[in-house]
Amino acid sequence: MNYREEIIKLKKEKNALILAHYYQVDEIQDIADYVGDSLGLSQKAAEADVDMIVFAGVHFMAETAKILNPNTKVVLPDLEAGCSLADSCPYDDFVAFKAQYPDHIVISYINTSAAIKTVSDVICTSGNAVQIVNSFPKDQKIIFAPDRNLGGYVNRVTGRNMVLWEGACEVHDILTTEAIFKLKDEHPKAKIIAHPECQATILEAADFVGSTTGLLKFTKNDDAQEYIVATESGILHQMYLDSPEKKFHVVPSDDTCSCNDCPYMKLNTMEKLYLALKNEKPSVSLEPEIIELARKPIERMLELSKKLKLI
Ligand code: 13P
Ligand code: SF4
């Protein structure tokens, strides 16, 4: 079957919108109506005026789309596409942790379950974390969850001392400076760029740190010709499309390949995308009370991001 043709046909018939994250396989990125980072995808989901959103990403992203657009059916190609970072912050444990800091507000990374969002004051993404934190007074006490690497990075950039939940992304946390410096030896002119979910030693060695959209824009506008990219391999597709004359080397997660794939993002395939669109399932469903409570901190993030001209 020609999945591409079938998907285009069904998308029209069903008045559907396909949203895809940069870590999706190339063919899914190529067929999507919009490809972006978590911030851009949330904004698109909030604004969507369609009968169905097909979210080619991971579960927390589809859940966020449902929270922001509760009257629209949201389906995802594979319900098992989770996120190690979101899973590193179970609701009961987090509520007990939060209770130890009654005078702190909670800023949660968007890579969390809807349940965690219901007990958060504001959400952030890697594209706006520094600005969201800086929108609060310097003496505001803050818990940041769940990514200790992103939280540590924001602490260093903003000069804060936020209390950090000890979570990490298995795809970024595994990358090493040894692997980066090996690539740098082989490609001495290459600039090092990194996603803030990487460990502090990597972020300190990087020439630029940013969200996936931030990294993509940097490579497009910067005048270097070669980059060492410390994030998931999928982003290279748009980097090559935007800058075909440049070279990109993804930091490998181990010695077995020259790639670094998120096993959850890569569960999605063109076949599963086609089936999700055709069968209108699996779909995201959430209790109305959860939607109502989780929507407030996400909308607060979107409002702040608009005010700060980040979207
Ligand atoms: P971005 O919002 O930067 O795309 O990050 C999402 C993510 O899951 C990174 O691992
Ligand atoms: Fe989650 Fe990490 Fe995969 Fe992003 S790359 S979806 S943070 S496991």
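How each quantity is defined
- Residues numbered from 1 in each chain as written.
- Chains lettered and ligands numbered in written order.
- Predicted model: local features only at pLDDT ≥ 70, side-chain atom pairs only at ≥ 80, totals over all residues.
- Heavy atoms only, no water.
- 1 Å grid on protein atoms, 1.4 Å probe; cavity = no way out; pocket = protein on both sides within 12 Å on 5 of 7 lines; lining within 4 Å.
- Points joined across faces, edges and corners; volume = space filled by probe spheres on them.
- Helix = DSSP H or I, 4+ residues; strand = E, 2+ residues; numbered from the N terminus.
- Nonpolar A, V, L, I, M, F, W, Y, C, P; charged D, E, K, R; others polar.
- Disulfide = S-S within 2.5 Å.
- Buried < 20%, exposed > 50% of the residue type's maximum accessible area, 1.4 Å probe, protein only.
- Pairing = 2+ DSSP bridges.
- Axes fitted to C-alpha atoms, helices over the stretch in contact; angles between N-to-C directions.
- Contact = heavy atoms within 4.5 Å.
- Phe/Tyr/Trp six-rings, centres within 6.5 Å; stacked < 30°, edge-to-face > 60°.
- Near = heavy atom within 4 Å.
- Polar contact = N/O pair within 3.5 Å; in protein donor to acceptor, adjacent residues only side chain to side chain.
- Sits in = over half its atoms within 2 Å of the grid points.

Peer 1: Looking at this model, I keep getting lost on empty space enclosed by the protein. Mind explaining?
Peer 2: Over the atoms, a rolled probe matching the size of one water molecule traces out where space is still vacant. Enumeration according to the criterion identifies two cavities of 30 Å³ or more in this entry. The space that makes up the largest cavity amounts to roughly 240 Å³. Every residue lining the largest cavity is counted, 27 residues in all, and those nearest its centre are Y23, M61, N111, E197 and M265. Put simply, the parts of the chain that give the lining of the largest cavity at least two residues each are α3 (38-47) and α4 (59-68). For the lining of the largest cavity, the per-class residue count stands at twelve nonpolar, twelve polar and three charged. Its volume calculated, the second largest cavity comes out at about 50 Å³. Taken together, the elements giving at least two residues each to the lining of the second largest cavity come down to α3 and α4. Within the lining of the second largest cavity, the residues separate by chemical class into seven nonpolar, three polar and no charged.

Peer 1: What is the right way to look at the state of the cysteines in this model?
Peer 2: Two cysteines form a disulfide when their sulfur atoms are joined by a covalent bond. Here the structure, examined in full by the defined rule, presents one disulfide. For C257, the disulfide goes to C259, at an S-S distance of 2.3 Å. For the disulfide bridge between C257 and C259, the dihedral angle about the S-S bond is near -95°, and by the sign convention the bridge is left-handed. On the accessibility criterion, C257 (29% relative accessible area) is partly exposed.

Peer 1: Explanation requested: the sheet that holds strand β2 (residues 34-36) in the structure shown.
Peer 2: Picture the strands of a sheet paired through backbone hydrogen bonds; they go either parallel or antiparallel. Taken together, four strands build an open sheet; the order of strands is β2-β1-β3-β4 and the sheet is parallel. Pairing within the sheet leaves two strands with one partner each, and these edge strands are β2 and β4 (73-75). If you compare each strand with its neighbour and ignore which way they point, the axes differ by 20° on average. Pairing geometry for strand β1 (residues 16-21) and β2, over three bridges, is parallel. Paired with H21 across the strands is G36, a residue of β2. The strands touched by α3 are β1, β2 and β3 (52-56); relative to β1, the strand with the most contacts, the crossing angle is about 170°.

Peer 1: Whenever I open this one, the packing of aromatic side chains confuses me. Can you help?
Peer 2: Pairs of aromatic rings are described using the distance from one ring centre to the other and the angle between the two planes. This structure, assessed with the given rule, holds nine aromatic pairs. Considering the side-chain rings of Y227 and F248, the 5.6 Å spacing of their centres and the 15° angle between planes classify their relative orientation as stacked. Taken together, the residues span a long stretch of sequence, with Y227 in strand β11 (residues 226-230) and F248 in strand β12 (residues 247-250) at a distance of 21 residues. Across the pair, F248 and Y227 agree in class, each one buried. Every member of this aromatic cluster is reached through a ring pair, and the members are F208, F218, Y227, Y240 and F248.

Peer 1: Got a minute to help me understand the pairing of strand β5 (residues 105-109) in this structure?
Peer 2: Each regular strand carries side chains that alternate between the two faces of the sheet. Where burial is concerned, most of β5 is hidden: five out of the five residues are buried. Neither face of β5 is open: one carries I105, I107 and Y109, the other V106 and S108, and all of them are buried. With four bridges connecting them, β5 and strand β7 (residues 142-145) associate as parallel partners. Paired with I105 across the bridge in β7 is I142. In this sheet, strand β6 (residues 122-124) lies alongside β5 in parallel orientation, the contact comprising three bridges. Following the sheet pairing, S108 is matched in β6 by I123.

Peer 1: Where do I start with the site of ligand 1 in this structure?
Peer 2: Around ligand 1, a shell composed of H21, Y23, D37, S38, Y109, N111, S126, H172, H195, E197, S211 and T212 is seen. E197 places a side-chain nitrogen or oxygen 2.9 Å from an oxygen atom of ligand 1. In this structure, T212 approaches ligand 1 through a side-chain N or O atom, which is 2.5 Å from an oxygen atom. Given that more than half its atoms are within 2 Å of the pocket grid, ligand 1 belongs to the largest cavity. Taken together, the residues that form the shell around ligand 1 break down as two nonpolar, eight polar and two charged.

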